[in-house]
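Structural description and commentary
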Amino acid sequence: MMIMAAAGTESPNKSTEDKTSARRQNEVNRKLKYISLAILVIQNASLILSIRYVRTLPGDHFYTTSAVVMAEVLKVFTCLVIVLIQERGNVKSFVSLLYDSIVIQYLDTLKLAVPSLIYTLQNNLQYVAISNLPAATFQVTYQLKILTTALFSVLMLRKSLSKIQWISLVLLFAGVAIVQVEQEGGKQKEALTSTNQSYFKGLVSVIISCLSSGFAGVYFEKILKGSSASVWMRNIQLGIFGTVLGLLGMWWNDGAAIAEKGFLFGYTPMVWGVIFNQAFGGLLVAVVVKYADNILKGFATSFSIIVSTITSVYLFGFHVDLIFTLGAGLVIGAVYMYSLPKPNASTSSTSTSSSSHSKGGDPELDAFLPNPKAPGMKKGN
């Protein structure tokens, strides 16, 4: 009887402790979500604004092709360090894993040559676009990557979109079109004051960048779903091709000038900041996504457009009128609408989420933060 009484007194205490622990965990998760939102907004807005700033400063400019190569090298180095940490500092195991993943499974590695080529092209085109377009205009127009990604997902991955998502894509296209019409009206005036900038060149660059971003992202996701390798290893493989292809592009476009002036010509602390942001930004966001859902990511993208626009007004003298506000508003609303969960999936979101994580179905989460206990996944990878 005494044992039973003791057990009975422990149960309420344990229940209270569990509730307190759950409450603390919820509080921590809520704080992490707000921190994640801040990081996503800062990364999205700062990269565009900083590139625009360093490319419009007077004086000698750095070669964008060398910046793309440097970002790839830093990305590969970072991923190598992470994989080494996952192997608990065991150099022999680390080298063996790299040899097996890159050399032995060379056919698997070669699959990444296609997205690597496209990502290298995209990174170079981003510099061209931001150098020729106002930061706010680029930020709004670049959201077309949502449209291209959705279309390629439907075609290549057989994904289905809800009615709200289709409507949001129409609104997205309409919003971008309105912004372009508004910018077309002021293009001649801008051309007179910015003789070294070409609005048409920037527009074509951002459109091609959106197309390449959509295709490469979906292709990369398709590869991830058919492999147990972590995205850290995938980024090493991507980075190897990206570095080689970036060097070829650099030699083709700026080879003679870089041979004369040097690889690091025009590099300032601000330029290094842009390169580090570009190299680590994507990896950082991928980790942050662990604490952010799609709605939060959509809100962060929308808010970053607002931040970029407001900053551009004060930093670059960008003029915001009613038409631009209407177009940007449509884009912001469309981004948020597209990120909303499907109505028929809302009731089973918890079970779907847990099953997708256990199967490694979320390439942004499971691959960047691999579970060593997952079936078919090697230790430390």
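Residues numbered from 1 in each chain as written. Predicted model: local features only at pLDDT ≥ 70, side-chain atom pairs only at ≥ 80, totals over all residues. Heavy atoms only, no water.

**Focus: the overall build of the protein**
Using the following cut-off: A run of H or I in DSSP counts as a helix once it spans at least four residues, and a run of E counts as a strand once it spans at least two, with each numbered from the N terminus. A simple rule labels every residue: compare its accessible area, found with a 1.4 Å probe on the protein chains alone, to the largest value its type can have, and call it buried under 20%, exposed over 50%, or partly exposed in between. Should any heavy atoms of two residues lie within 4.5 Å, those residues are considered in contact. The protein chains shown are the only cover counted for residues, whose accessible areas, like all others here, come from Shrake-Rupley with a 1.4 Å probe.
Helix and strand counts for the protein come out as 15 helices and 0 strands. Per-residue burial for the protein yields a buried fraction of 44% across its 381 residues. When contacts within the protein are restricted to residue pairs at least 6 apart in sequence, those whose partners lie at least 24 apart make up 86%. Entry remark: accessible area of the protein is about 20400 Å², with carbon and sulfur atoms responsible for 67%.

**A look at a nonpolar patch on the surface**
Keep this limit in mind: Patches here are clusters of residues that have more than 30% relative accessible area and form no salt bridge, with a 9 Å joining cutoff for like charges and a 5 Å cutoff for nonpolar side chains (Val, Leu, Ile, Met, Phe, Trp, Tyr). Each reported salt bridge corresponds to a side-chain nitrogen of Lys or Arg within 4 Å of a carboxyl oxygen of Asp or Glu.
There is a patch of nonpolar side chains on the surface, built from F303, I306, I310, V313, Y314 and V320 and spanning about 570 Å² of accessible area. Tracing the sequence through the fold places F303 in helix 13 (residues 294-316).

**A short note on the nonpolar core**
The criterion, for reference: Remark: nonpolar core denotes a set of buried residues (Ala, Val, Leu, Ile, Met, Phe, Trp, Tyr, Cys) joined through side-chain atoms within 4.5 Å.
Counting 46 residues, the largest nonpolar core has F138, V140, V206 and I275 as the members making the most contacts within it. The contact partners of V206, leaving out residues within four places of it in the chain, are A129, L133, F138, T141 and Y142. Counting residues in hydrophobic clusters, the runner-up holds 10 residues, among them V83, F94, L98 and I236.

**Some points on the packing of aromatic side chains**
Under the convention used in this document: Between 30 and 60 degrees the pair is tilted, below 30 it is stacked and above 60 it is edge-to-face, where a pair is any two Phe, Tyr or Trp rings, Trp via its six-membered ring, whose centres lie within 6.5 Å.
For the coordinates displayed, the defined rule picks out 10 aromatic pairs. Ring centres 6.0 Å apart and planes at 80° place the aromatic pair F62 and Y127 in the edge-to-face group. Of this pair, F62 sits in the loop between helix 1 (2-56) and helix 2 (64-86) while Y127 is found in helix 5 (residues 113-132), placing the two residues 65 residues apart along the sequence. Of the two residues examined, F62 and Y127, each falls in the buried class. Aromatic ring contacts, followed pair by pair, group F62, Y127, Y267, W272, F276 and F280 into a single cluster.

**Focus on the UniProt feature "transmembrane region" (unreviewed entry) in the protein**
Inclusion rule: UniProt positions are given in the numbering used here, feature names are shortened, and annotations may be inferred rather than shown by experiment.
Taken from the UniProt record, the annotation "transmembrane region" (unreviewed entry) applies to residues 34-54, 66-85, 164-182, 202-220, 232-252, 264-289, 296-316 and 322-340. Strand forms 0% of residues 202-220 and helix 100%; the C-alpha atoms that close the span are 26 Å apart. In residues 322-340, the share of helix is 95% and the share of strand is 0%. The end C-alpha atoms are 27 Å apart.

**Here's the deal with the packing of helix 2 against helix 3 (residues 91-104)**
A packed helix pair is summarised by two numbers, namely the angle formed by the two axes and the spacing between the axes. We apply this condition: Axis lines are fitted through C-alpha atoms, for helices just across the contact stretch, and the angle between N-to-C directions can take any value from 0 to 180 degrees. Oblique is the label for any angle not covered by the other classes, which are roughly parallel (under 35 degrees), roughly antiparallel (over 145) and roughly perpendicular (65 to 115). Two helices that cross are described as forming a left-handed crossing if the nearer one is turned anticlockwise from the farther one by less than a right angle, and a right-handed crossing if clockwise. Ten residue types, Ala, Val, Leu, Ile, Met, Phe, Trp, Tyr, Cys and Pro, are classed as nonpolar, four, Asp, Glu, Lys and Arg, as charged, and the remainder, Gly among them, as polar.
Following both chains from N to C, one finds helix 2 and helix 3 inclined at 125°, their axes separated by 9 Å at the closest point. As judged from the angle between their axes, helix 2 and helix 3 are oblique. Along this stretch, helix 2 crosses helix 3, giving a crossing that reads as right-handed. Residues L80, V83 and L84 of helix 2 lie in contact with helix 3, whose contacting residues are V91, F94, L97 and L98. A class-by-class count of the residues in the contact of helix 2 with helix 3 yields 7 nonpolar, no polar and no charged.

**As for the side chain of T148**
Here is the rule we go by: Distance and chemistry together define a polar contact, namely a pair of N or O atoms within 3.5 Å, with one atom able to donate a hydrogen and the other to accept it when in protein, and with adjacent residues in sequence counting only for side-chain atoms on both sides.
Structurally, T148 can be placed in helix 7 (residues 144-156). Polar side-chain contacts of T148 include one of 3.0 Å to the backbone oxygen of K145. Excluding its chain neighbours within four sequence positions, the residues that come into contact with T148 are C210, L211 and G214.

**Description of unusual backbone geometry**
Positive phi, normally seen in glycine, also occurs at R88, with a value near 55°. Here R88 is to be found in the loop between helix 2 and helix 3. According to the relative accessible area criterion, R88 is exposed, its value standing at 68%.

**Thoughts on the confidence of the model for the protein**
Here is the rule we go by: Within a predicted model, pLDDT stands for the predictor's per-residue confidence, ranging from 0 to 100.
Chain-level pLDDT for the protein is 76 on average; 75% of the residues reach the 70-or-more range. When mean pLDDT is taken per element in the protein, helix 2 scores highest with 90 and helix 15 (residues 349-359) scores lowest with 40. Scored below 50 in pLDDT, residues 1-8 shows 0 contacts in the model against residues more than four places distant or in partner chains. Segment residues 346-381: pLDDT under 50, and 52 contacts once partners within four positions in sequence are set aside and those in other chains are kept.

**Thoughts on the environment of N277**
Inspection of the secondary structure assignment puts N277 in helix 12 (residues 269-288). Taking the C-alpha atoms as reference, N277 lies 8.7 Å from A71; in sequence the two are 206 residues apart. Ignoring sequence-local partners within four residues, the contact set of N277 consists of Q43, S46 and L47. Reaching out from N277, the side chain makes a polar contact with the side chain of S46 at a distance of 3.0 Å.

**Notes on the environment of W252**
In this structure, W252 sits in helix 11 (residues 231-261). For W252, a relative accessible area of 72% corresponds to the exposed category. Residues W252 and T65 lie 187 residues apart in sequence; the distance between their C-alpha atoms is 9.8 Å.

**Considerations on the packing of helix 2 against helix 5**
Contact geometry for helix 2 and helix 5: axes closest at 10 Å, N-to-C directions at 135°. Compared by their axis directions, helix 2 and helix 5 come out oblique. Crossing of helix 2 over helix 5 shows right-handed handedness. Across the interface between the two elements, T64, T65, A67, V68 and E72 from helix 2 touch T120, N123, N124 and Y127 from helix 5. Of the residues contributing to the contact of helix 2 with helix 5, the split by class is 3 nonpolar, 5 polar and 1 charged.

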